[in-house]
Amino acid sequence: MKNPLVAVIMGSDSDIPVMEHAVRVLEKFEIPFEMTVLSAHRTPDQAAEYARGLASRGVKVLIAGAGWAAHLAGAVAAQTSIPVIGVPVDSSPLNGMDSLLSTVQMPPGVPVAAMAIGKGGAYNAGVFAVRILALLDPDLARRYDLFTAQTADDVLSGSNQKLADYMAKRTQEKGHLR
Ligand code: AIR
């Protein structure tokens, strides 16, 4: 396998169902990546060491997801100069509000690009990583434009067709009441 350009880490294997949404986007664009479970609290030394080694291995973007008091993205951002994208995982009784604040509220000087809570945020983390890599890769930029056009087409054609079907069904149902 090619050297990874993106590293995806998560605080626990219980985060896989959320974080896999980031990976699906990377797979779609055929971007080489690696995935690792590392915890800011349970394996703090290993997480720091891992983050320190990323740049010299050619990894360009780090995606970090965690739940509860989610310090993972911030902790690794303190150990590397590559861009870190944080995903607040909705695994706690607070449904990820705790993770969101722990991820987004970084002190000045150590930024984390915090995404939305949960699967949608993980998906966007993948998309954001593609946008970063596309800055220096014209072929990837071209494929990203196709992806954007496809997303628009899904709304303009796909969603509007579903809406038309729904309205037609409603009109029929109303007819039955008369
Ligand atoms: N977590 C693990 N170490 C530090 C944190 N914040 C998070 C994981 C997971 C949650 O704790 O990211 O979302 C619960 O982990 P587990 O392993 O108990 O299921």
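Rules and cut-offs
Residues numbered from 1 in each chain as written. Predicted model: local features only at pLDDT ≥ 70, side-chain atom pairs only at ≥ 80, totals over all residues. Domains from an automatic or database assignment. Pairing = 2+ DSSP bridges. Helix = DSSP H or I, 4+ residues; strand = E, 2+ residues; numbered from the N terminus. Contact = placed C-beta atoms within 7 Å. Axes fitted to C-alpha atoms, helices over the stretch in contact; angles between N-to-C directions. Near = placed C-beta within 6 Å. Nonpolar A, V, L, I, M, F, W, Y, C, P; charged D, E, K, R; others polar. Buried ≥ 20, exposed ≤ 12 C-beta atoms within 10 Å, placed from the backbone.

Colleague: Before we move on, could you go through the domain arrangement of the protein chain and cite the residues and values that matter?
Modeller: Size of an interface, as often reported, equals the accessible area lost when the parts are brought together. The domain boundaries assigned to the protein chain delineate domain 1 (6-136) and domain 2 (143-178). Centre-to-centre, using C-alpha coordinates, domain 1 lies 34 Å away from domain 2.

Colleague: So what's going on with the sheet that holds strand S1 (residues 6-10)? Residues and values would help.
Modeller: Here five strands make up an open sheet; going across it, the order is S2-S1-S3-S4-S5 and the pairing parallel. Single-partner strands in this sheet number two, and they are strand S2 (33-37) and strand S5 (113-114). Of the strands in this sheet, strand S3 (61-66), strand S4 (84-88) and S5 are in contact with helix H4 (residues 97-104), which crosses S4 at around 165°. Against the sheet, helix H5 (residues 119-134) contacts S1, S3, S4 and S5, and its axis sits at roughly 170° relative to S4.

Colleague: Please provide a residue-by-residue account of unusual backbone geometry, values included.
Modeller: Even without being glycine, Glu30 reaches a positive phi, approximately 55°. With respect to the helices, strands and loops of the structure, Glu30 is situated in the loop between helix H1 (16-28) and S2. For Trp68, which is not glycine, the phi torsion reads 55° and is therefore positive. Along the chain, the position of Trp68 falls in the loop between S3 and helix H3 (72-77).

Colleague: Help me get a handle on the site of the ligand, residues and values and all.
Modeller: Contacts to the ligand come from 16 residues, most closely from Gly11, Ser12, Ser14, Ser39 and Gly67. When its residues are assigned to classes, the shell around the ligand shows seven nonpolar, seven polar and two charged.

Colleague: Report on the pairing of S3, specifying residues and quantitative values.
Modeller: Most of S3 sits out of view: six of its six residues are buried. Side chains Val61, Ile63 and Gly65 of S3 all project onto a buried face; the interleaved residues Leu62, Ala64 and Ala66 project onto the opposite face, where all are buried too. Where S1 meets S3, five bridges bridge the pair, whose relative direction is parallel. In the sheet register, Val8 faces S3, and the bridge partner there is Ile63.

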